[in-house]
Amino acid sequence: MAKQIRMVLIDLSGTLHIDNTVIPGAIEALNRLRNAKIPLKFVTNTTKESSNFLYNRLTKLGFEIKKEEIFSSLAAARRLIVSRELNPMLLIDPAADEDFEGLVKNNEKINAVVIGLAPNKFHYDELNKAFRYIFYGASLIAIHKGRYYKRPDGLALGPGAFIAGLEYSANVTAEVVGKPTAEFFKAALEHIPPEEAVMIGDDVKDDIAGAQAIGMRGLLVQTGKYREGDENTIVPLPAKVCSSFVEAVEHIIKMEV
């Protein structure tokens, strides 16, 4: 396995940080990875904040990061909307609005419902409006279908629960844009073969199973949303289970020596 890693994909929330709290040792570990000259990219399903908002948060926390290194499901969703010339109803957090600037045409018919993590919009009236659009023909597009995520006060429902409700009521299947879709990972890797890449993340389904489905190696970290036994819920098993991002980086560097 030595000398075969040409790209490391790194999840953000739960892997490097939880809101404004850095995972212990993550900043130093990221610096070690950079010093080892291993190309990397940050892949995230985070939809509660725009790319600019996320970039500013990470740099303020002390991470050395470039905007162009962030590959988000928000960006993938925007590309899909533009390419299909959709006029969407956006169920997203206001902090993510700038990533969809100029896409909603108020004088045209809504033909898609695009959903991210939007806690303040997941109430009956807003969801019922979305249901009606979908029932009468609008596409249902899930920026991701995360089951839950980690907040400082504990686990919290992700958008997946609300998307599943809309799927059931409107008798449709949502099109998923972000992790764990093969298209998302392939787009993030660009020209790098999956077997020469590694994914580090805390979500056994979206990060690890999704990456390994296209031939990448998945390193599952026991931080963020990780729960004991998660590694035994997917086939194939993660390439390695690590206590944190720090151990994952140590493992990668040893493979490269």
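Since we're looking at a predicted model, the values are computed, not measured.

1. Topic: the overall build of the protein
When helices and strands are tallied, the protein shows eight helices and 14 strands. For the C-alpha atoms alone, the extent of the protein along its principal axes is close to 60 × 40 × 35 Å. Here the analysis covers contacts within the protein between residues at least 6 apart in sequence; of these, 67% occur between residues at least 24 apart. Surface summary for the protein: the accessible area is close to 12100 Å², and the carbon and sulfur share equals 51%.

2. Re the nonpolar core
Soluble globular proteins tend to pack their nonpolar side chains together in the buried interior. Ranked by internal contacts, the top residues of the largest apolar core, which has 32 residues, are Val8, Ile10, Ile200, Phe245 and Ile252. Counting residues per element, the ones that place at least two in this core are β1 (7-10), α1 (26-35), β4 (40-44), α2 (51-61), β12 (197-201), β13 (217-221) and α8 (245-256). In this view, Val8 contacts Leu33, Ile38, Pro39, Leu40, Lys41, Val198, Ile200 and Ile252; residues no more than four positions away in its chain are not counted. Core analysis: the next-biggest nonpolar cluster, separate from the first, contains 30 residues, Ala76, Ile92, Ala188 and Leu189 among them.

3. A word on the environment of Ile192
Structurally, the position occupied by Ile192 is in the loop between α6 (182-189) and β12. The sequence separation of Ile192 and Arg6 amounts to 186 residues, and the corresponding C-alpha distance is 7.0 Å. Dropping the residues within four chain positions of it, Ile192 is found in contact with Arg6, Met7 and Ala197.

4. Let's talk about the pairing of strand β7 (residues 112-115)
Here β7 shows two buried faces, one formed by Ala112 and Val114 and the other by Val113 and Ile115. Judged from the four bridges that link them, β7 and strand β8 (residues 139-142) form a sheet pairing that is parallel. Following the sheet pairing, Val114 is matched in β8 by Ile141. Note on the crossover from β7 through helix α4 (residues 124-135) to β8: the handedness is right-handed.

5. Overview of the sheet that holds strand β14 (residues 240-242)
What the six strands build is an open sheet, ordered β5-β4-β1-β12-β13-β14; its pairing is parallel. The open sheet is flanked by β5 (70-72) and β14, the only strands paired with a single partner. The average angle at which neighbouring strand axes cross in this sheet is 25 degrees, direction not considered. Sheet topology places β1 next to β12; four bridges connect them, and they run parallel. Bridge pairing links Met7 to Ala197 in β12. Across the face of the sheet, helix α3 (residues 73-83) comes into contact with β4 and β5 while running at roughly 55 degrees to β5.

6. Regarding the environment of Ala197
Along the chain, Ala197 turns up in strand β12. Under the relative-accessibility criterion, Ala197 is labelled buried at 0%. Placed 63 residues apart in sequence, Ala197 and Ile134 show a C-alpha to C-alpha distance of 38 Å. Setting aside anything within four residues of it in sequence, one finds Ala197 in contact with Met7, Leu189, Ile192, Met216 and Arg217.

7. Points about the sheet that holds strand β6 (residues 88-91)
Read from one edge to the other, the open sheet built from four strands follows the order β6-β7-β8-β11, with strand pairing classed as parallel. Every interior strand has two partners, whereas the edge strands, β6 and β11 (175-176), have only one. Each of β6, β7 and β8 is contacted by α4, which is oriented at about 150 degrees to β6, the strand it contacts most. With respect to the sheet, helix α5 (residues 160-170) is in contact with β7 and β8, its orientation differing from that of β8 by roughly 160 degrees.

8. With respect to the packing of α4 against α5
Look at α4 against α5: their axes get within 10 Å of each other, and the N-to-C directions meet at 45 degrees. Between α4 and α5, the angle falls in the class oblique. Crossing geometry of α4 relative to α5 is assigned as right-handed. Touching Leu127, Ala130, Phe131, Ile134 and Phe135 of α4 are Phe162, Leu166, Ser169 and Ala170, all from α5. Of the residues belonging to the contact of α4 with α5, the class tally is eight nonpolar, one polar and no charged.

What counts and what doesn't
Residues numbered from 1 in each chain as written. Predicted model: local features only at pLDDT ≥ 70, side-chain atom pairs only at ≥ 80, totals over all residues. Heavy atoms only, no water. Helix = DSSP H or I, 4+ residues; strand = E, 2+ residues; numbered from the N terminus. Contact = heavy atoms within 4.5 Å. Areas by Shrake-Rupley, 256 points an atom, 1.4 Å probe, with all protein chains shown as cover. Core = buried A, V, L, I, M, F, W, Y, C linked by side-chain atoms within 4.5 Å. Buried < 20%, exposed > 50% of the residue type's maximum accessible area, 1.4 Å probe, protein only. Pairing = 2+ DSSP bridges. Right-handed = clockwise from strand over helix to strand, strands pointing away. Axes fitted to C-alpha atoms, helices over the stretch in contact; angles between N-to-C directions. Parallel < 35°, antiparallel > 145°, perpendicular 65-115°, else oblique. Left-handed = near helix turned anticlockwise from the far one by under 90°. Nonpolar A, V, L, I, M, F, W, Y, C, P; charged D, E, K, R; others polar.

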